[in-house]
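# Coordinate analysis (summary)
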Amino acid sequence: MTLERLRIFVAVAERQHVTAAARALNLTQSAVSNAIAALEAEHDVHLFDRVGRGVVLNQTGQAFLPEAKAVLARAAAAEAALADLSALRRGRLTVFASQTIASYWLPRRLVAFHAAHPGIELDVQIGNTRQAAAAVLGGEAEIGLVEGAVDDPMLEQTRIGSDRLAVVVAPDHSWAGLRRLSATDLTTSPWVLREAGSGTRSTLEEAVRQAGINPADLPVAMTLPSNEAVLAAAEAGAGATALSESVAYASVAAGRLVTAAFSLPERPFRLLRHAERYRSRAGDAFVAAMG
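A brief report on the enclosed structure follows. Computed from a predicted structure; not experimentally measured.

### Some details on the environment of Val-10
Mapping Val-10 onto the fold places it in helix H1 (residues 3-15). In this structure Val-10 comes out as buried when scored by relative accessible area, which is 8%. When neighbours within four sequence positions are excluded, Val-10 is seen to be in contact with Leu-65, Ala-68, Lys-69 and Leu-72.

### Thoughts on the nonpolar core
In this structure, Phe-9, Val-12, Phe-48 and Phe-64 are the most contacted members of the largest nonpolar core, which totals 22 residues. Counting residues per element, the ones that place at least two in this core are H1, helix H2 (18-25), helix H3 (29-43), strand S2 (54-57) and helix H4 (59-86). Broken down by element, the residue count for this core peaks at seven residues, all from H1. With sequence-adjacent residues up to four places away left out, Phe-48 is seen in contact with Phe-9, Val-12, Ala-13, Ile-36, Glu-40, Val-55, Val-56, Leu-57 and Asn-58.

### Considerations on the pairing of S2
Judged from the four bridges that link them, strand S1 (residues 48-51) and S2 form a sheet pairing that is antiparallel. If you follow Phe-48 over to S2, its bridge partner there is Leu-57. In this antiparallel pair of consecutive strands, S1 and S2, the connection spans two residues, and Gly-52 shows a positive phi of 60°.

### Considerations on the packing of helix H6 (residues 107-116) against helix H11 (residues 281-290)
It is at 10 Å that the axes of H6 and H11 come closest, and there the two elements cross at 130°. Looking at the two axes, H6 sits oblique to H11. At the point where H6 passes H11, the crossing takes the right-handed sense. Residues Arg-109, Leu-110 and Phe-113 of H6 form the contact with H11, whose own contacting residues are Ala-282, Ala-285, Phe-286, Ala-289 and Met-290. Classifying every residue of the contact of H6 with H11 gives seven nonpolar, no polar and one charged.

### Side note on the packing of aromatic side chains
Applying the stated rule across the entire model yields five aromatic pairs. Members of the aromatic cluster, connected to one another through ring pairs, are Phe-9, Phe-48 and Phe-64. A cation over a ring is seen here: Arg-109 above Trp-105, with NZ or CZ 3.8 Å from the ring centre.

### Regarding the packing of H1 against H2
Two elements in contact, H1 and H2, have axes whose closest approach is 8 Å; the angle formed by their N-to-C orientations is 130°. Overall, the two elements H1 and H2 adopt an arrangement that is oblique. Between H1 and H2 the crossing geometry is right-handed. Residue-level inspection shows Arg-7, Ile-8, Ala-11, Val-12 and Arg-15 of H1 in contact with H2, the latter providing Val-18, Ala-20, Ala-21, Ala-24 and Leu-25.

### A look at unusual backbone geometry
A positive phi angle is found at Gln-16, which is not glycine, with a value near 55°. Even without being a glycine, Asn-26 presents a positive backbone phi close to 60°. Tracing the sequence through the fold places Asn-26 in the loop between H2 and H3.

### What to know about H4
Taking 1.5 Å of rise per residue, 28 residues should cover 40 Å, and H4 covers 41 Å from first to last C-alpha, within 8% of that figure. At Leu-65, H4 is deflected by roughly 30°, the largest bend along its length, and proline Pro-66 occurs up to four residues later in sequence. For H4, the elements touching its buried residues are H1, H3 and S2. The opening residue of H4, the one whose side-chain oxygen lies 3.1 Å from the backbone nitrogen of Thr-60, is Asn-58. Immediately downstream of H4, the backbone of Leu-88 shows phi near 65°, a positive value.

What counts, and at which threshold
- Residues numbered from 1 in each chain as written.
- Predicted model: local features only at pLDDT ≥ 70, side-chain atom pairs only at ≥ 80, totals over all residues.
- Heavy atoms only, no water.
- Helix = DSSP H or I, 4+ residues; strand = E, 2+ residues; numbered from the N terminus.
- Buried < 20%, exposed > 50% of the residue type's maximum accessible area, 1.4 Å probe, protein only.
- Contact = heavy atoms within 4.5 Å.
- Core = buried A, V, L, I, M, F, W, Y, C linked by side-chain atoms within 4.5 Å.
- Pairing = 2+ DSSP bridges.
- Axes fitted to C-alpha atoms, helices over the stretch in contact; angles between N-to-C directions.
- Parallel < 35°, antiparallel > 145°, perpendicular 65-115°, else oblique.
- Left-handed = near helix turned anticlockwise from the far one by under 90°.
- Nonpolar A, V, L, I, M, F, W, Y, C, P; charged D, E, K, R; others polar.
- Phe/Tyr/Trp six-rings, centres within 6.5 Å; stacked < 30°, edge-to-face > 60°.
- Lys NZ or Arg CZ within 6 Å of the ring centre and 35° of its normal.
- Expected span 1.5 Å × (residues − 1).
- Bend = angle between axes of the 7 residues up to and from the residue.
- Polar contact = N/O pair within 3.5 Å; in protein donor to acceptor, adjacent residues only side chain to side chain.

Okay, structure coming up:
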């Protein structure tokens, strides 16, 4: 059974005439007759009674007609859905963003994208860089947004922005009044850090390594799973930490934290896409909006 045969059957059933159906479908009369005959032969039924020079639906045909119409309606709806998806009138896009990007960089861009494409539903999931990369690799998300380094040949990476980390401490911390903090000083204070796999932690560890210090020599007092938890612990005096300047801004402005005199490098924000998986038009539109 094919959609074409169903269309021909419905056209003949509605007109009770093979020639009229053929004319409406822009087919030859023989093509229409052969399609009806093939449908009947395939299922060993008769759908029409041949009365004189015309055809009339029999009871089997009458029972089958609403089913055939329903199938054609669903096919038309499916075709319309694909057309809407192609034209970005509707769709769904899953994005996995690391915490700093999701909380501080992404929101206004999401608002702009929604305004341009209100029919596209955005499912934004939040985790760390390692989790975002894994989601794109596994197909759970079409797009990943990360601030940490990712090393996987199956992930194509596009730079879309940047920020800078700052080392921050409570106002009564011994580093708060120093004009310059050396690399070796970094090992003299307890640290409160994000979990392994986060872009924030990997960026700090690489900067410390470049300064000649083994990251394992940092006395880590606490490892916490979110920027907010790290920020609160640092404000409470648990130790030094490194956070995005955007994350720490309000606390520094309010005097709850002080920026220590140790410069950390700028870090890029990267957009991840799988090198081989299907790329939707919604995903392409999202990438263009992030540029």
